[in-house]
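Analysis of the macromolecular model
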Amino acid sequence: MIEPMITAWKQDRVARSATGDPGSCDLWEIVNAIFYQNRTGCQWRYLAHDLPSWSAVFYYFGLWRQDGLDQRISELLRCQVRERAKR
């Protein structure tokens, strides 16, 4: 559900960048790391070692907050939960 939003964000970001470099991070792993941090409440520096580096996750989290992508994802997921609960 959120993949099209993240893909569109990445394409827009690459198009606006000076170098056109898409970056080397797998954004799905970044999303998993953000969900992990949200679920566990751990500090960024203590993310599990099988996830991307904490600095990369924090970097993307900051970009997504700045661009409003985090709010759009949250709204999408909230609407899905409400629909399933028939509200």
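Look up: the structure comes first, before these words.
The notes below deal with the structure included here. These numbers were taken from a predicted model, which means no experiment stands behind them. (Residues numbered from 1 in each chain as written. Predicted model: local features only at pLDDT ≥ 70, side-chain atom pairs only at ≥ 80, totals over all residues. Heavy atoms only, no water.)

1. Some details on the pattern of salt bridges
Counted according to the given criterion, the structure contains two salt bridges. Salt-bridge contacts for Arg65 lead to Asp70; the nearest nitrogen and oxygen are separated by 3.8 Å. Judged by relative accessible area, Arg65 falls into the exposed class, the value being 53%. Among the ionic pairs, Arg78 bridges to Glu75, the shortest N-O distance being 2.8 Å. A residue pair is termed a helical-turn pair when its members lie 3 or 4 positions apart in one helix, as Arg78 and Glu75 do in helix H4 (residues 69-84) at three residues. A residue is classified by how much of its surface remains accessible, and Arg78, at 42% relative accessible area, is partly exposed. (Salt bridge = Lys/Arg side-chain N within 4 Å of Asp/Glu carboxyl O. Buried < 20%, exposed > 50% of the residue type's maximum accessible area, 1.4 Å probe, protein only. Helix = DSSP H or I, 4+ residues; strand = E, 2+ residues; numbered from the N terminus.)

2. As for the side chain of Asp70
With respect to the helices and strands, Asp70 occurs in helix H4. Leaving out residues up to four positions away in the same chain, Asp70 has contacts with Trp64 and Arg65. (Contact = heavy atoms within 4.5 Å.)

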